[in-house]
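# Structural description and commentary
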Amino acid sequence: QNVSYQLRSPLTTILGYAELLESEKPGELTDKQREQVVSILSAADHLSKVISNILDLAMIEAGRMELELSEFSLRTAIEDSVDLVISTAENTKVRVEILCDDRIGEVYADERRIKQVMFNLLTNALRFTGPGGHIKIEASKPVPSENIIRLAVSDNGKGIAPERQSSVFDSFTSGDTRGAGLGLALVRSFVELHGGDVKMKSSPGSGTSVICHIPEMASPRASRTELELGPEAVAAR
């Protein structure tokens, strides 16, 4: 609540005034001023996402994050997530390819969180992929009878050094100097909340693949608070 109030309130004011300036209602802007206003809006939007990620992680670590489960089309969710980042991909001349198994239809999961997983994976892949690069999104069912979906986002970018791979899913750890390192931490947390798991394959100069295994019908794990209760605590209750 403190983070939300102390940071989001002034940020909302900054965004409001920047958008007002961008509209040019107070007065016409020069090209240089317009460029500076766009930079303010971009930085404020980035900060807003960081704050939201911090709050999500705090909720998860406190065992208070609850999934909102429903049936939805996984292919549509993937396409919607790609649409959110496609303009950035076009600006950097990166090709984004979707390969979704036709046997995958409706899934029972938290649609908003799955889209957030996809958005974070795509954003991370874009950061490490240069102009002319290629990002591939694959959704498949390796073993049809097991009802487990393999969701992978792969790029042919610079890759991640072996000694850094074990920590990339930790909070506030980033593969480079940009970003707070929250995206992949949230990916792992959201996938695990659905009862799945996440793995990474990468080598320097050969790109990176992040592979999520998610049940077609989510089986949310018990909250951390309940898991950490020992026999004495249970008896006391």
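Residues numbered from 1 in each chain as written. Predicted model: local features only at pLDDT ≥ 70, side-chain atom pairs only at ≥ 80, totals over all residues. Heavy atoms only, no water.

## What to know about the packing of helix α4 (residues 111-127) against helix α6 (residues 183-193)
Heads up, the rule is: The convention used is that axes are lines fitted to C-alpha atoms, helices contributing only their stretch in contact, and that angles between N-to-C directions extend from 0 to 180 degrees. A run of H or I in DSSP becomes a helix once it reaches four residues, and a run of E becomes a strand once it reaches two; helices and strands are each numbered from the N terminus. Comment on the angle field: the value is read as roughly parallel under 35 degrees, roughly antiparallel over 145, roughly perpendicular from 65 to 115, and oblique elsewhere. Crossings are assigned a handedness: left-handed for a near helix turned anticlockwise from the far helix by less than a right angle, right-handed for a clockwise turn. A contact between two residues is defined here by any heavy atoms of the two lying within 4.5 Å.
Two elements in contact, α4 and α6, have axes separated by 9 Å at closest approach and are oriented at 150°. Judged on the interaxial angle alone, α6 and α4 are roughly antiparallel. Considering how the two elements wind past one another, α4 and α6 form a crossing that is left-handed. Across the interface between the two elements, R113, Q116, V117, N120, L121 and N124 of α4 pack against G183, L184, L186, V187, F190 and V191 of α6.

## Regarding the nonpolar core
Keep this limit in mind: For our purposes a nonpolar core is just a set of buried Ala, Val, Leu, Ile, Met, Phe, Trp, Tyr and Cys residues, chained together by side-chain atoms within 4.5 Å. Burial classes follow relative accessibility: with a 1.4 Å probe on protein chains only, a residue under 20% of its type's maximum area counts as buried, one over 50% as exposed, and anything between as partly exposed.
The biggest cluster of nonpolar side chains holds 45 residues, and the ones touching the most others in it are L74, I78, L121, V153, V187 and C212. Beyond its immediate sequence surroundings of up to four residues, V153 is in contact with M118, L121, L122, A125, I135, K136, I137, T208, S209 and V210.

## Let's talk about the sheet that holds strand β7 (residues 208-215)
For clarity, the cut-off: Here, a strand pair is defined by DSSP locating no fewer than two bridges between the strands.
The sheet built from five strands is open, its strands ordered β2-β4-β5-β7-β6 with mixed pairing. The sheet terminates laterally at β2 (95-100) and β6 (197-202), the two strands that pair on one side only. This sheet shows a mean twist of 10° between the axes of neighbouring strands, independent of strand direction. As paired elements, strand β4 (residues 134-140) and strand β5 (residues 148-155) share six bridges and run antiparallel to each other. From the neighbouring strand, I135 faces β5, where its bridge partner is D155. In this fold α4 packs onto β4, β5 and β7, with an angle of close to 25° to the strand it touches most, β5.

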